[in-house]
Amino acid sequence: MTLTELKYIVAVARERHFGKAAEACYVSQPTLSVAIKKLEDELEVKLFERSAGEVTVTPLGEQIVQQAQSVLDQAASIKEIAKRGKDPLAGPLNLGVIYTIGPYLLPDLVRQVIQRTPQMPLVLQENFTVKLLEMLRAGEIDCAIMAEPFPDTGLAMAPLYDEPFMAAFPAKHKFADRESVTSEELQNETMLLLGAGHCFRDHVLEVCPEFARFSSNAEGIRKSFEGSSLETIKHMVASGMGVTLVPRLSVPAEALKPKAKGRKDTEQLVRYLPVRDANDRDPPTRRVVLAWRRTFTRYEAIAALRNAIYACELPGVKRLS
C-alpha cells in the first residue's frame, strides 16, 4: 500500500462521494477508483459500500480509515520535523476561522503576522465550527480560531479572550438612548438571528432562550428572522426590522464614540448597548480559543500566531493567557 492510496480512502470517507473525493485530491475519478480497488484487493476487505449516488464506509473500513489518517499525520510530521530543524516559522500556516470572528479579527491579525513573521504567511479558511473541526482532523488546516463550546475532539487548545455581547438597536428604538439593556428586556423584542450552523446563533439563544421556540417553526417568522451574516443582520436592524446581539469586536469604533455636537441622529443607524444581567450576574460573553492537532509539530508557529493575536487591539475584550 502507498500513502497516496491511504489519502484517497480518507478523502472518500470524508466526502462520501468518489467524484468529490477525486476532485479534492486533484486526480481523475478513474485514477482514484482504481487505486482504492487495488488497496481493497491487497487487504482482501471491502472498505466502501457503493450504491446509486451514495457511498458508505463499512464497519471494518471505518477502522482502517481511522488508522490511515493516523499514518498520514505521522508522515506529515516527518516533513514538519525536517522543517523545524531549519526554521519552524518558515512556510505557510493554514488557519481556519469561524464566520463571526474572521471579518473582525483578521485585518489586524494579518498585519501583525506580516510585521512579526513575514516568512510565515497565513493561508486562511472561513467556515462553520463543525466544518473546521473536520478539516483539523483531516489535516487540511493546521489550527483554527473558534468559540467555545464545541465537541471534545482531543485537540490541543489555548484560550485567547472572552468577548462580551452587545445589543444592536435601530437608531429610533425606545432603548437607543439608554446606557445598557438587560437580557430580560431583549426577550420582548423581535430578535434577528444568524442562520442554522452558526455557533453564534446558539450563543444568542443561550442568552435569550425565549427565541429558541421561534427559530424552528414557521410561526416564529413573526418573531425571529434569520440572516446569513452579522453584517446583513446589522442592515436589517438599521432598517427597523428588529434587534440582535453581536460580538464586541464586530462593533464599529465610531459607533461607540460620544455623539458630536451637530451630528444628526440619522448619521448613526444602529445603536450598540452593553447587555447587563438583571440579577447582577456576569454579562453574556463567548470564549474564543485557538485549537490545533496534538500531533502538529510546529509549536513555535502556534506560539507566534498567539503572540500576533495578543498584539491586536481587541477593544472591549478580556485577554486570557
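What counts and how
Note on numbering: residues in each chain are counted from 1, in written sequence order. pLDDT decides what is reported in this predicted model: residues at 70 or higher carry local features, side-chain atom pairs at 80 or more are listed and counted, and totals for whole chains, interfaces and linings draw on all residues regardless. Each side-chain value is derived from all of the structure's non-hydrogen atoms; neither hydrogens nor water enter the calculation. By nonpolar core we mean a set of buried residues, namely Ala, Val, Leu, Ile, Met, Phe, Trp, Tyr and Cys, connected to one another through side-chain atoms within 4.5 Å. Three labels apply to residues, based on accessible area from a 1.4 Å probe with only protein chains included: buried if under 20% of the type maximum, exposed if over 50%, partly exposed otherwise in between. Helical segments are the DSSP runs of H or I of at least four residues, strand segments are the runs of E of at least two, and each set is numbered from the N terminus. Any two residues whose heavy atoms approach within 4.5 Å at even a single point are treated as in contact. Should DSSP find at least two bridges between two strands, the strands are taken to pair. By convention a crossover is right-handed if, when the strands point away from the viewer, the path from the first strand over the helix to the second runs clockwise. Here a polar contact is recorded for every N or O atom pair within 3.5 Å, except that within protein the pair must consist of a potential hydrogen donor and a potential acceptor, and residues adjacent in sequence are included only if both atoms are side-chain atoms. A pair of Phe, Tyr and Trp rings is counted when the ring centres sit within 6.5 Å of each other, with Trp represented by its six-membered ring. The angle between the planes then sorts it: under 30 degrees is stacked, over 60 is edge-to-face, the rest tilted. Only lysine NZ and arginine CZ atoms are considered, and such an atom sits over a ring when it is within 6 Å of the ring centre and within 35 degrees of the ring normal. Each reported salt bridge corresponds to a side-chain nitrogen of Lys or Arg within 4 Å of a carboxyl oxygen of Asp or Glu.

1. Concerning the nonpolar core
In step 1: With 74 residues, the main nonpolar core has L109, I145 and L305 as its most contacted residues.
In step 2: Take this core: its biggest share by element is nine residues, from strand β6 (residues 156-170).
In step 3: The residues contacting L109, other than those within four sequence positions of it, are L95, L122, I145, L305, A308, I309 and C312.
In step 4: Membership of the second largest hydrophobic core comes to 22 residues, among which are V12, A35, I36 and A68.

2. Looking at the pairing of strand β4 (residues 122-127)
In step 1: Two elements, strand β3 (residues 93-98) and β4, share six bridges in a ladder whose sense is parallel. Paired with L93 across the strands is L122, a residue of β4.
In step 2: Handedness of the crossover is the feature at issue here: the chain leaves β3, passes through helix α5 (residues 102-116), returns alongside β4, and the resulting connection is right-handed.

3. Focus: the side chain of S250
In step 1: Looking at the element boundaries, S250 is found in the loop between β10 (244-247) and β11 (270-276).
In step 2: A polar contact is formed between the side chain of S250 and the backbone oxygen of P247, at a distance of 2.7 Å.
In step 3: When neighbours within four sequence positions are excluded, S250 is seen to be in contact with Y104, E163, L230 and K234.

4. Concerning unusual backbone geometry
In step 1: Omega for the bond connecting E148 with P149 falls within 30 degrees of zero, at 0°, which places this linkage in the cis form.
In step 2: Following the sequence through the fold, P149 ends up in the loop between β5 (143-147) and β6.
In step 3: Phi at R16 takes a positive value of approximately 55°, unusual for a residue other than glycine.
In step 4: A positive phi angle is found at L314, which is not glycine, with a value near 50°.
In step 5: Checked against the element boundaries, L314 lands in the loop between α10 (299-311) and β13 (318-319).

5. What about the packing of aromatic side chains?
In step 1: One pass over the structure, following the stated rule, counts four aromatic pairs.
In step 2: Consider the rings of F18 and F48, whose centres lie 6.1 Å apart with planes at 75°: the pair is edge-to-face. You can see F18 sitting in helix α2 (residues 18-24) and its partner F48 sitting in strand β1 (residues 48-51), a full 30 residues away along the chain.
In step 3: Overall, the relative accessible area of 0% leaves F48 in the buried class.
In step 4: Where F169 meets F175, the ring centres are 5.7 Å apart and the plane angle is 85°; that geometry is what we call edge-to-face.
In step 5: Sitting above the plane of the F175 ring, R178 keeps its charged end 4.6 Å from the centroid.

6. Concerning the pattern of salt bridges
In step 1: All told, the structure shown has 13 salt bridges when counted by the stated rule.
In step 2: Between K37 and D41 there is a salt bridge whose closest N-O contact spans 2.9 Å. In this pair, K37 and D41 are both assigned in helix α3 (residues 29-43), four residues apart and thus about one turn of the helix distant.
In step 3: A relative accessible area of 45% places D41 in the partly exposed class.
In step 4: The partner of K131 in a salt bridge is E134, with the nearest N and O atoms 3.8 Å apart.

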